[in-house]
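Given next are the chains, with one letter for each unit.
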Amino acid sequence: MTAAVEPKDNYLTAGFSLKSWLTTTDHKRIGVLYLLSITFFFLVGGLAAVLFRLELLTPPGDLVSADSYNKLFTLHGIVMVFLFLIPSVPAAFGNFLVPLMIGAKDLAFPKLNLASWYVFVLGGLFALWALLTGGVDTGWTFYTPYSSTYSNTYVSLMAIGIFIAGFSSIFTGLNFIVTIHKMRAPGLTWFRLPLFIWAHYATSLIIVLGTPVLAVAILLVGVERLFGIGIFNPAIGGDPLLFQHLFWFYSHPAVYIMILPSMGVVSEIVACFSRKRIFGYKFVAIASLAIAVYGFLVWGHHMFVSSQSVYAGLIFSFLSFFVAVPSAVKVFNWTATLYKGSIAFDTPMLYAFGFIGLFTIGGLTGLFLATLGLDVHVHDTYFVIAHFHYIMVGGAIMGYLGALHFWWPKMTGRMYTEGWSKFSALIIFIGFNLTFFPQFILGYLGMPRRYHAYSPEFQVYNVLSTAGASILGAGYVIPIIYLLWSLFRGKPAGPNPWGAKGLEWEKTSSPPPVHNFAEIPTVTEEAYNYSGTNEQG
Amino acid sequence: MTETSAHQEDMSWQRETSLLGVWVFLLTEVLFFGGLFTGYAVYRSGYPDIFSEASRHLNVLLGTVNTAVLLTSSLTMAFAVASAQEGKRRPLLIYLFLTIALGLVFLGIKSTEYHHKFVEKLIPGAHFSYSGLSTREVQLFFSFYFVMTGLHALHMIAGIGVLAVLAFLVWRKKLDPSRNALVEGTGLYWHFVDVVWIFLFPLFYLIGLRA
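Residues numbered from 1 in each chain as written. Chains lettered and ligands numbered in written order. Predicted model: local features only at pLDDT ≥ 70, side-chain atom pairs only at ≥ 80, totals over all residues. Heavy atoms only, no water.

## Re the overall build of chain B
Here is the rule we go by: Here a strand is any run of E in DSSP of at least two residues, a helix any run of H or I of at least four, and the numbering for each starts at the N terminus. Any residue under 20% of the maximum accessible area for its type is buried, any over 50% is exposed, and the rest in between are partly exposed; the area is computed with a 1.4 Å probe on protein chains only. Note on definitions: a residue-residue contact is assigned when non-hydrogen atoms from the two residues lie within 4.5 Å. Each accessible area is a Shrake-Rupley result for a 1.4 Å probe, and residues are judged covered by the shown protein chains and nothing else. As used throughout, the charge tally considers Lys and Arg to be positive and Asp and Glu to be negative, leaving His and the chain termini uncounted. Note on charges: their place is set at NZ of Lys, CZ of Arg, CG of Asp or CD of Glu.
Helix and strand counts for chain B come out as 6 helices and 0 strands. Start at the N end of chain B and walk to the C end: the helices and strands fall as α-α-α-α-α-α. With 211 residues in all, chain B has 49% of them scored as buried. Sequence-distant contacts, at least 24 apart, represent 81% of the contacts inside chain B between residues at least 6 apart. With an accessible surface of roughly 10,100 Å², chain B has 67% of that area assigned to carbon and sulfur atoms. One finds the centroid of the 15 positive side-chain charges in chain B at a distance of 9 Å from the centroid of its 14 negative side-chain charges.

What follows is the structure, encoded as structure tokens:
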């Protein structure tokens, strides 16, 4: 490896003015813009979580009123789901990496890409406006008829914000699909693609097929509130449950929008730090598509107790078990990749380990919830909260942080401090489990979600959870500090600090030049060819 | 694959890429309207007779004329695409203009229909009034009617806007239509909007004819 010097001409030095950033069509800069914006929203959503975790420290509702509590968890849910998790890995790292990984100069539609960021910011500002003028209390799920008829809060404004933000996600998904189809470097066949690309392709399919349905569901709520045209209004024979069907047709697959990109990240990290090709590469690749397809067939498992017919419930339950198969294929194949690998415990790998363990717990408890009889018992309790936080925080955010630590040297050209980063990975893992594991018990014992006061016998678990949240919070703040520090004082990373395979590591500098590659690379080998054999593949 | 990096520059590659983008976009549109068609299907299977009854309040003649207008506009759009591909500027401009004109005729007829419904107090909401048997579900029918034809009309307006910009660029010679897929992509979109109407027309206007 050559001595680590930073190239003088790279995408970061191509212009320093604010205008050069706000009018850029460089996918790498847009990725950075997204990274900054979603970090902001993550902090907003996190702040709400701090407040309601403090409220839940004691059984009576003494810190905030019931109304404020409703607004806080709604704020947390909406901001975290729509403005952080959905864009997180795809919009920040996908934007940055998809062209680099497939050997292209940019995405297929660079201007559309910039537009997607502006649309995202616009949608986010509408959402913030709704929050600052008084908030929304419907929960992130906007269930009718509460959201359409009864809630006196700023639902319409928020609905407009989410509707707009949906377009940014569609633009990104569309761009990825076309780019992956049409812009792969010579020799880069589908089964030579990094699994990160497969995951993003599957994610983009879900985005493109699902988001419009959420848009129309939200639009109908807005139309009902603004014009009194009430398609879900029971007073004129409408069915509020139809909203839940439309909503979950998007919002269940949306869980896979959040988790699939992180699965792609984990595949990259596990291969790199065990110095092996991913075991059963094709199965992992196809599993991403299988998750995308099955993901569209299970939405009814959110509605087992919502007067859905028993037969529909049976089918949705069965299909929900089916989704576990491709997910398990991935987990087993990552584990098998570790076998006889030369494993290095660098920070990204710690996050990948965290992902695999926590996602497994989140996934298996998902099967509990997909079981009709058991779901009746734990439905709308903290068991559900714990389950999906194991997927979304333990899974998706672990993957996000893994990506941040793995590709930070590529994005900035600098290394962060090893000790601090490992320390924070560790306390995030501890803090996370302390926050959410007690919630499984709470839910099983029957504590319902979305209440600001609770019976005293639940207090000990809530104290544990709040204590864990404070550790988790610290774990999220430390990386912000050492990553910023690394920008100024970090050691130059060199093109490939991890000795990783992949075009973004082997064929370009860190940070990459504006047009990514000095010349478009030609690919002659399989992905993850760490053993150096199989040249012709 | 043996092509070099140059393939990313060449014209047919650019054309294919743009058109793939349009197709993916149309896929999102199918799902967008799909949600509404699903809702329609649910309620119509729940209240089949009431939907037929309500349907009789729509003007089948105007609906039929509008269908003919829109189908003709798709024809002129197809001619526009063909002219663009052959690089014939004048015919292209004429066909774009005709398409825009037919689109405007469609919207004009649509707005007269809306006006009739307003006069008859059939617009859902506070001022809805209907003297027949089942006020509630009739209002539901009209909710779907206005939301779905309204969104269709918004798509038409957007399409007319794009066509107008294209026509302006071609007229001022700022755009060589044979060198890119702009006209062809717009054409795909226009045909899609037309196809949506092909479904809307029978589902709203014709279901009451049988009885």
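## Focus on the interface of chain A and chain B
Selection rule: Buried surface area refers to the total accessible area, computed with a probe of radius 1.4 Å, that the two partners give up upon joining, counted for both partners together. What counts as a salt bridge is simple: a side-chain nitrogen of Lys or Arg found within 4 Å of a carboxyl oxygen of Asp or Glu.
At the interface, 41 residues of chain A touch 34 residues of chain B. Summed over both sides, the interface of chain A with chain B buries roughly 3,000 Å², with 74% coming from carbon and sulfur. Of all residues in chain A, Lys182, Ile231 and Ile236 of chain A give up the largest surface area on contact with chain B, accounting jointly for 20% of the area buried on that side. There are 1 salt bridge connecting chain A and chain B. A salt bridge links Glu16 of chain B to Lys182 of chain A, with the nearest nitrogen and oxygen atoms 2.6 Å apart.

## Some remarks on the side chain of Thr203 of chain A
All names here are of chain A. How we decide: Pairs of N or O atoms are called polar contacts if they sit within 3.5 Å, as long as, within protein, a hydrogen donor faces a hydrogen acceptor (for residues adjacent in sequence, only side-chain-to-side-chain pairs).
Note on placement: Thr203 falls in helix α8 (residues 195-227). Overall, Thr203 belongs to the buried group, its relative accessible area being 1%. Reaching out from Thr203, the side chain makes a polar contact with the backbone oxygen of Ala199 at a distance of 2.6 Å. Those residues in contact with Thr203, other than ones at most four positions away along the chain, are Pro90, Ile257, Leu260 and Pro261.

## Notes on a nonpolar patch on the surface
Residues and elements named next belong to chain A. This is how the line gets drawn: Here, patches come from residues exposed beyond 30% relative accessible area and free of salt bridges, joined within 9 Å for like charges and within 5 Å for nonpolar side chains (Val, Leu, Ile, Met, Phe, Trp, Tyr).
A contiguous nonpolar surface patch, about 660 Å² in accessible area, is contributed by Leu43, Val477, Ile480, Ile481, Leu484, Leu487 and Phe488. Relative to the assigned elements, Val477 resides in helix α16 (residues 459-489). Take Val477: its relative accessible area is 44%, and that puts it in the partly exposed class.

## Describing unusual backbone geometry
Residues and elements named next belong to chain A. Residue Thr144 is joined to Pro145 through a cis peptide bond whose omega torsion reads 0 degrees. Topologically, Pro145 is positioned in the loop between α5 (110-132) and α6 (146-150). In this structure, the amide linkage connecting Ser510 to the following residue, Pro511, adopts the cis form with an omega of -10 degrees. Residue position: Pro511 is located in the segment after α17 (503-506). Positive phi, close to 75 degrees, is recorded for Asn516, a residue that is not glycine. Its place among the elements puts Asn516 in the segment after α17. A residue is classified by how much of its surface remains accessible, and Asn516, at 0% relative accessible area, is buried. At Tyr528, a residue that is not glycine, the phi angle is positive and equals roughly 60 degrees. With respect to the helices, strands and loops of the structure, Tyr528 is situated in the segment after α17.

## Overview of the packing of helix α2 (residues 27-55) of chain A against helix α4 (residues 88-102) of chain A
Residue and element names in this part refer to chain A. Definition in use: Axes here refer to lines fitted to C-alpha atoms; in helices the fit is confined to the stretch in contact. Angles between the N-to-C directions go from 0 to 180 degrees. Each angle receives one of four descriptions, namely roughly parallel if under 35 degrees, roughly antiparallel if over 145, roughly perpendicular if within 65 to 115, and oblique otherwise. Handedness of a helix crossing follows the sense of rotation of the near helix relative to the far helix, less than a right angle counterclockwise being left-handed and clockwise being right-handed. Residue type decides the class: Asp, Glu, Lys and Arg count as charged, Ala, Val, Leu, Ile, Met, Phe, Trp, Tyr, Cys and Pro as nonpolar, and the leftover types, Gly among them, as polar.
The contact between α2 and α4 brings their axes to 8 Å, and the two run at 165 degrees. Relative to α4, α2 is oriented roughly antiparallel. The handedness of the crossing between α2 and α4 is left-handed. Packed against α2, whose contacting residues are His27, Lys28, Ile30, Gly31, Tyr34, Leu35 and Ile38, the element α4 presents Ser88, Ala91, Ala92, Phe93, Asn95, Phe96, Pro99 and Leu100 at the interface. Tallied by class, residues from the contact of α2 with α4 come to 10 nonpolar, 4 polar and 1 charged.

## Some details on the nonpolar core
In plain terms, the rule: Residues enter a nonpolar core if they are buried and are Ala, Val, Leu, Ile, Met, Phe, Trp, Tyr or Cys, with the set joined through side-chain atoms within 4.5 Å.
Phe82, Phe93, Phe142 and Phe196 of chain A together with Phe142 and Phe204 of chain B are the most contacted members of the largest nonpolar core, which totals 244 residues. Residue contributions to this core peak at 23 residues, all from helix α9 (residues 240-274) of chain A. Setting aside chain neighbours within four positions, we find Phe204 of chain B in contact with Tyr40, Ser55, Leu58, Phe141, Phe144, Tyr145 and Met148 of chain B.

## Describing helix α11 (residues 310-338) of chain A
Turn by turn, an α-helix covers 3.6 residues, leaving residues three or four places apart pointing in a common direction. Residue and element names in this part refer to chain A. For clarity, the cut-off: Helix span, as expected, comes to 1.5 Å for every residue beyond the first. Two axes enter the definition of the bend at a residue: one is fitted to the seven residues ending there, the other to the seven starting there, and the bend is the angle between them.
End to end, α11 covers 43 Å across 29 residues, agreeing with the expected 42 Å (1.5 Å per residue, within 8%). A bend of about 25 degrees at Ser327 is the largest found in α11. Just past α11, the residue Lys340 takes up positive phi, approximately 60 degrees.

## Quick notes on the packing of α2 of chain A against helix α3 (residues 66-85) of chain A
All names here are of chain A. Packing of α2 against α3 brings their axes to within 9 Å, and their N-to-C directions diverge by 150 degrees. It follows that α2 is roughly antiparallel to α3 by the angle criterion. Taken as a pair, α2 and α3 cross one another with a handedness that is left-handed. Between α2 and α3, the contacting residues are Ile38, Phe41, Phe42, Val44, Gly45, Gly46, Ala48, Ala49, Leu51, Phe52 and Glu55 on the first element and Tyr69, Leu72, Phe73, Leu75, His76, Val79, Met80, Leu83 and Phe84 on the second. When the residues that make up the contact of α2 with α3 are grouped by side-chain class, the tally is 16 nonpolar, 3 polar and 1 charged.

## Side note on the environment of Thr24 of chain A
Residue and element names in this part refer to chain A. Relative to the helices and strands, Thr24 is located in the loop between α1 (18-22) and α2. On the accessibility criterion, Thr24 (8% relative accessible area) is buried. Sequence-wise, Thr24 and Phe109 are 85 residues apart; in three dimensions their C-alpha atoms are separated by 13 Å. At a separation of 3.0 Å, a polar atom in the side chain of Thr24 contacts the main-chain amide nitrogen of Asp26.

## With respect to the pattern of salt bridges
If you walk through the whole model with that rule in mind, you get 12 salt bridges over all chains. Linking Arg449 of chain A and Asp380 of chain A is a salt bridge whose minimum nitrogen-to-oxygen distance equals 3.7 Å. In this pair, Arg449 of chain A sits in the loop between α15 (418-445) and α16 while Asp380 of chain A sits in the loop between α13 (372-378) and α14 (382-412), placing the two residues 69 residues apart along the sequence. What makes Arg449 of chain A buried here is its relative accessible area of 15%. With a closest N to O distance of 3.4 Å, Arg136 of chain B and Glu137 of chain B form a salt bridge. According to the relative accessible area criterion, Arg136 of chain B is partly exposed, its value standing at 41%. A relative accessible area of 9% means that Glu137 of chain B is categorised as buried. Each of Arg192, Arg277 and Glu526 of chain A takes part in salt bridges that share partners, so that together they form one network.

Note that every value here comes from positions in space, so none of it alone points to a role or purpose.
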